[in-house]
Amino acid sequence: MGSAGNYQATYARSVSDPVAFWGEAAQLVDWVEPPTSVLDDSNAPYYRWFRGGRLNTCFNAVDRHVDAGHGDRTALIYDSAVTDASRSLTYRELRDEVALFAGVLASLGVVAGDRVIIYMPMVPEAVIAMLATARLGAVHSVVFGGFAPHELAIRIDDATPTVVVSASCGIEGARVIEYKPMLDKALELAEHKPTATVILQRPQAHAELGAIDHDWVESMAAATPHDCVTVDATDPLYILYTSGTTGKPKGIVRDNGGHAVALTWSLPNIYGVNAGEVFWAASDVGWVVGHSYIVYAPLLAGATTVLYEGKPVGTPDAGAFWRVVAEHKVNALFTAPTAFRAIKKEDPAAELLTGYDISSLRTLFLAGERLDPETYHWASRHLGIPIVDNWWQTETGWPIAASPRGFDDLPIKPGSPSLPMPGYIVDVLDENGHLLEAGVDGNIAIRLPLPPGTLPTLWNDDQRYVDSYLSVFPGYYATGDGGNVDADGYVYVMGRTDDVINVAGHRLSTGSMEAVVATHPAVAECAVIGVADALKGQVPRAFVVLKSGVEIEPAVLQAEVVAAIRDQIGPVAALKSVVVVPALPKTRSGKILRRTMRGIADGRPEAPPSTIDDISVLDRIRPLLEQPGE
Ligand code: COA
Ligand code: AMP
């Protein structure tokens, strides 16, 4: 693997002989005991990779680089635009801090297999807590800071953690967001009670500590370092909750062995970044991009990772990304298209670029939502480097489709995240599961088994794993995305086919928003749909029918519903617009025609389905659907 012109041969080998392909890739990882089988399909559809193998993921991400003589290499650069601070840790320093924090967790009772919830802003301690949990063979579950206490409580009850690690505050632009009161509220709401919390006090806010709370600094001072605990390749490394179609989030499970192999392989091969080079994923550790490409892949591959606390614009200006690239000599940048749309909006001619030397930057990778051709062309024109769209999901953990910069230089087609990556056989199916012709839109599905590093199941819910993903099209994993594959094999992902929406690269469930909107006393029924937005890609908009006889000012209703969403789900849901409608369009069996509503709102009206209950409803609400949002 490695020379140019190699995509076809590499991909073909990965699908014709996955055992040989991934068996070879497994040699990139240090095993305590090597696997006895590469792919175990004896309990299909629960496929398991590298059974019999024993390892520790933290050892592979940190210790082994120190042992190999690279202890002085920079592992992590923390750059905080919001506090105007920066700090670097070498691999040796990272190992020592992680070992010490593993000692803290062990002293609080955490043992292999236990869960640790991490609810933190973008500070190095978040990464240290993740790696320390992995060091103990325990299972972390990071919860994004933009989620409200109620959402955190749901995750606490599902993951039943022994310990929760948090901080006194996060910083959003000029605002200090206190985390500890949110954590306290979540612990009050949750039925499960962790035995302890560890709180990082930040200078911007002081958290009051209660009976089960431990101060990060004091705990570290009293701790003794803990060594790596060997686990099975098939043991879970982490759980990451993501939005499904219902209100209950799905606990995506990641194993240790398959994940270590796939991610170590992916950094040089897909992202073209090698040990000692600088990789920057401008995302958040609360999302899968943060797990895979801020934390695990760069460290597993021995590269330097940048942890950036701030936004692409406004901290201090739309040149923030260029400053970070120039200052830390970043070789590859990975972010969401929405970040580039935000920069383009503030600085349309990219004038701020001229102030910085960004010649270190070889490639820009964009993922998390559809890369619209306009943003692609803007970035391409101003940066003059390859702009590589890559498509994947929390479930897969690494790209399903991309252009592998490490071993080929394929032509790029704007609007497409290029070609399937090794191990992924991508098909487009109609509603009945029949293969569609090249270029025809349908449901994008991946043939089983999925490659290493992808989800083996859902946390404590094998049945939901099968029901949500595997039973839709037998023999396939249903991605929930719609689109097509062209005659050259390039994949085009046009959007979700379910009730999941993507707001500024953040995946959210309209179902969970509807559940909150429906609790408003004036609301008889409601539908939340994602409508197109020039900056965020999509934003949620709620359409509500009032209870008969109820009178309420639309502005008051909107303010109350927006407050309820922020309180129950969190500010990240970004619901701003609530529209009162006389009725909702439904099928004869009473199902709300959300897709039809979405089409009208986005200016792509399709013929109403023949199952519609009352065609006049659509005509009555059409002007309300078409009106622009806030
Ligand atoms: N803790 C607390 N609150 C948070 C938060 C966190 N970690 N992250 C976001 N929020 C809040 C924001 O402050 C904002 O609150 P507000 O409504 O009170 O202003 C709300 O959640 C929405 O945040 P966001 O979606 O980030 O919108 P924004 O307008 O603040 O910024 C972008 C828009 C495009 C600049 C920003 O989303 C961005 O940089 N996105 C690209 C990178 C990325 O994160 N990708 C994710 C996956 S790759
Ligand atoms: P998440 O699980 O949060 O990473 O969100 C995954 C979803 O984001 C996918 O199912 C797609 O709908 C969307 N997505 C991610 N990357 C891309 C991309 N490159 N092009 C189009 N959609 C994308």
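Just so you know, these numbers come straight off a predicted model, no measurement behind them. (Residues numbered from 1 in each chain as written. Chains lettered and ligands numbered in written order. Predicted model: local features only at pLDDT ≥ 70, side-chain atom pairs only at ≥ 80, totals over all residues. Heavy atoms only, no water.)

Peer 1: Help me understand the site of ligand 2 in this model?
Peer 2: The local shell around ligand 2 holds 15 residues, among which Asp389, Thr394, Asp481, Arg496 and Arg507 are the closest. At 3.1 Å, a backbone N or O of Gly368 approaches a nitrogen atom of ligand 2. Here an oxygen atom of ligand 2 and a side-chain polar atom of Arg496 are 2.8 Å apart. A per-class count over the shell around ligand 2 returns four nonpolar, five polar and six charged. (Near = heavy atom within 4 Å. Polar contact = N/O pair within 3.5 Å; in protein donor to acceptor, adjacent residues only side chain to side chain. Nonpolar A, V, L, I, M, F, W, Y, C, P; charged D, E, K, R; others polar.)

Peer 1: Any chance you could explain the nonpolar core here in plain terms?
Peer 2: Note that soluble globular proteins tend to have their nonpolar side chains buried in a common cluster. Ranked by internal contacts, the top residues of the largest apolar core, which has 119 residues, are Phe101, Leu131, Val165 and Tyr293. Sort the elements by how many residues they give to this core and helix α10 (residues 288-300) lands first, with nine residues. The contacts of Leu131, once residues within four sequence positions are left out, are Cys58, Ala61, Val62, Leu94, Val98, Val295, Tyr296 and Leu299. Of all hydrophobic cores here, the second largest spans 63 residues; its members include Tyr179, Val578, Met597 and Leu618. (Core = buried A, V, L, I, M, F, W, Y, C linked by side-chain atoms within 4.5 Å. Buried < 20%, exposed > 50% of the residue type's maximum accessible area, 1.4 Å probe, protein only. Helix = DSSP H or I, 4+ residues; strand = E, 2+ residues; numbered from the N terminus. Contact = heavy atoms within 4.5 Å.)

Peer 1: Looking at this structure, I do not really get the site of ligand 1. What am I missing?
Peer 2: In the vicinity of ligand 1 lie 23 residues, with Glu172, Arg175, Lys311, Pro312 and Arg566 positioned nearest. Here an oxygen atom of ligand 1 sits 3.0 Å away from a polar atom, N or O, in the side chain of Arg175. Between ligand 1 and Lys311 there is a distance of 2.9 Å, counted from an oxygen atom to a side-chain nitrogen or oxygen. A total of 940 Å² of accessible area belongs to ligand 1 in isolation, and the protein chains cover 84% of it. Per-class residue counts for the shell around ligand 1 are ten nonpolar, seven polar and six charged. Taken together, domain 1 (4-310 + 390-478) and domain 2 (500-626) each give at least three residues to the shell around ligand 1, which thus spans both. (Areas by Shrake-Rupley, 256 points an atom, 1.4 Å probe, with all protein chains shown as cover. Domains from an automatic or database assignment.)

Peer 1: So what exactly am I meant to see when it comes to the layout of surface pockets here?
Peer 2: Gaps between atoms show up when a probe of the same size as a water molecule is rolled over them. Of the pockets and cavities examined, the second largest pocket occupies roughly 430 Å³. Forming the walls of the second largest pocket are 23 residues, and the residues nearest its centre are Val472, Ala478, Gly480, Thr497 and Asp498. For the lining of the second largest pocket, the secondary-structure elements that each account for two or more residues are β24 (442-447), α14 (462-470) and β25 (476-485). Examining the composition of the lining of the second largest pocket, we find that five residues originate from one element, β25, more than from any other. (1 Å grid on protein atoms, 1.4 Å probe; cavity = no way out; pocket = protein on both sides within 12 Å on 5 of 7 lines; lining within 4 Å. Points joined across faces, edges and corners; volume = space filled by probe spheres on them.)

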